[in-house]
Amino acid sequence: MYLNETSKKRDTKISAFITLIFLILLGVNFSQAEPADTIKIVAKDQQVLAPSIYQVEFVLNKAISSKAVIRVTIPDEFDISELQVAGSNTINGGFDFKIESRTLVLERSGLGREIPPNEKVDVKFAIVKNPEAAGDNYSFDIEVLDENGLSLIKQQEKISILPKE
């Protein structure tokens, strides 16, 4: 049989259709993946003077050890005097946290699992009081360090603070 003869068969058309659907679904799955080595910071409440929960989300192309350290330097305009809680929905094992000047230091306790490369994770901290002036140029410096203190990623992220409604 020649190729053009086999394409007329019903079985060949069905398997070609199934293969096409599979390839489309496979392409959709890859297009929704987070790019490696990205960091994003999000405020749950972006209004001026609002007490807010902040969430740092990141994806690294390296494993994150159970003793990794996450450092977030908060701009001077934000009030961190009431910062009391730090945790994660995706990183287990707990954190110790402290504030060094304007930098929040989150140290993994060593009890949780190692986070494999390219897995999206988050950390949250509260309560941070937003500044009194609205603007879109507030810069947070975020760094993730391995258990030896070597930087896995260091990035500056900007956040917008909105006027009161």
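In this report, we go over the structure that sits alongside the text. All values reported here derive from a predicted model rather than from experimental measurement. (Residues numbered from 1 in each chain as written. Predicted model: local features only at pLDDT ≥ 70, side-chain atom pairs only at ≥ 80, totals over all residues. Heavy atoms only, no water.)

Points about the packing of aromatic side chains
The test is simple: Stacked, tilted and edge-to-face are the three classes applied to pairs of Phe, Tyr and Trp rings, where Trp contributes its six-membered ring and a pair requires centres within 6.5 Å; stacked means planes under 30 degrees apart, edge-to-face means over 60, and tilted covers the rest. In this description a helix means any DSSP run of H or I spanning at least four residues, a strand means any run of E spanning at least two, and both kinds are numbered starting from the N terminus. Only protein chains enter the accessibility calculation, which uses a 1.4 Å probe; a residue is then buried when its area is under 20% of its type maximum, exposed when over 50%, and partly exposed in between.
Under the defined criterion, the tally for this structure stands at five aromatic pairs. Geometrically, the ring pair formed by Y54 and F78 is edge-to-face, given 6.1 Å between the ring centres and 85 degrees between the ring planes. Highlighted residues: Y54 in strand β2 (residues 51-59) and F78 in the loop between β3 (69-73) and β4 (85-87), separated in sequence by 24 residues. Given the relative accessible area of 0%, Y54 is considered buried. Residue classification places F78 among the buried residues on the basis of a relative accessible area of 2%.

Notes on the sheet that holds β4
Applicable threshold: DSSP-based pairing: two strands are paired if at least 2 bridges between them are found. Lines fitted to the C-alpha atoms define the axes, with helices restricted to the stretch that makes contact. Angles between their N-to-C directions range from 0 to 180 degrees.
Ordered in space as β1-β2-β7-β4, the four strands form an open sheet in which the pairing is antiparallel. In this open sheet, the two edge strands, each paired with only one partner strand, are β1 (38-43) and β4. Strand-to-strand twist in this sheet, taken as the mean axis angle between neighbours without regard to direction, amounts to 15 degrees. Across three bridges, β4 lies against strand β7 (residues 121-129) in antiparallel orientation. Bridging across to β7, A86 finds its partner in F125.

Observations regarding the pattern of salt bridges
Applied cut-off: Think of a salt bridge as a Lys or Arg side-chain nitrogen and an Asp or Glu carboxyl oxygen that are within 4 Å of each other.
Here the structure, examined in full by the defined rule, presents six salt bridges. The closest approach of N and O atoms between E107 and K98, which form a salt bridge, is 3.5 Å. Overall, the relative accessible area of 28% leaves E107 in the partly exposed class. Bridged by salt links that share partners, the residues R71, K98, E100 and E107 form one connected network.

Brief notes about the pairing of strand β8 (residues 135-145)
Here is the key point about a regular strand: its side chains alternate between the two faces of the sheet. Alignment of β3 against β8, held across five bridges, turns out to be antiparallel. Paired with T73 across the two strands is D141, which belongs to β8. Across nine bridges, the pairing between β8 and strand β9 (residues 151-161) is antiparallel. Note on β9: the bridge partner recorded for L145 is S151. Hairpin geometry of β8 and β9 is characterised by an intervening segment of five residues between the two adjacent antiparallel strands and by a positive phi of about 85 degrees at G149.

Observations concerning unusual backbone geometry
The amide bond that connects A126 to the next residue, I127, takes the cis arrangement and shows omega of 5 degrees. With respect to the element layout, I127 can be found in strand β7. Despite not being glycine, L49 has its phi angle at roughly 60 degrees, a positive value. Its place among the elements puts L49 in the loop between β1 and β2. The phi angle at N118 is positive, at roughly 65 degrees, despite the residue not being glycine.

Things to note about the nonpolar core
Using the following cut-off: Buried residues of nine kinds, namely Ala, Val, Leu, Ile, Met, Phe, Trp, Tyr and Cys, make up a nonpolar core once their side-chain atoms join them within 4.5 Å. Throughout, a contact is declared for two residues whenever any of their heavy atoms are within 4.5 Å.
Within the largest apolar cluster, 34 residues are counted, with the highest numbers of intra-cluster contacts made by Y54 and F125. Those elements that place two or more of their residues in this core are β1, β2, β3, β6 (103-108), β7, β8 and β9. When sequence neighbours within four positions are dropped, the list of residues in contact with Y54 reads I41, V42, A43, F78, V123, K124, F125, V128, N130, F140, I159 and I161.

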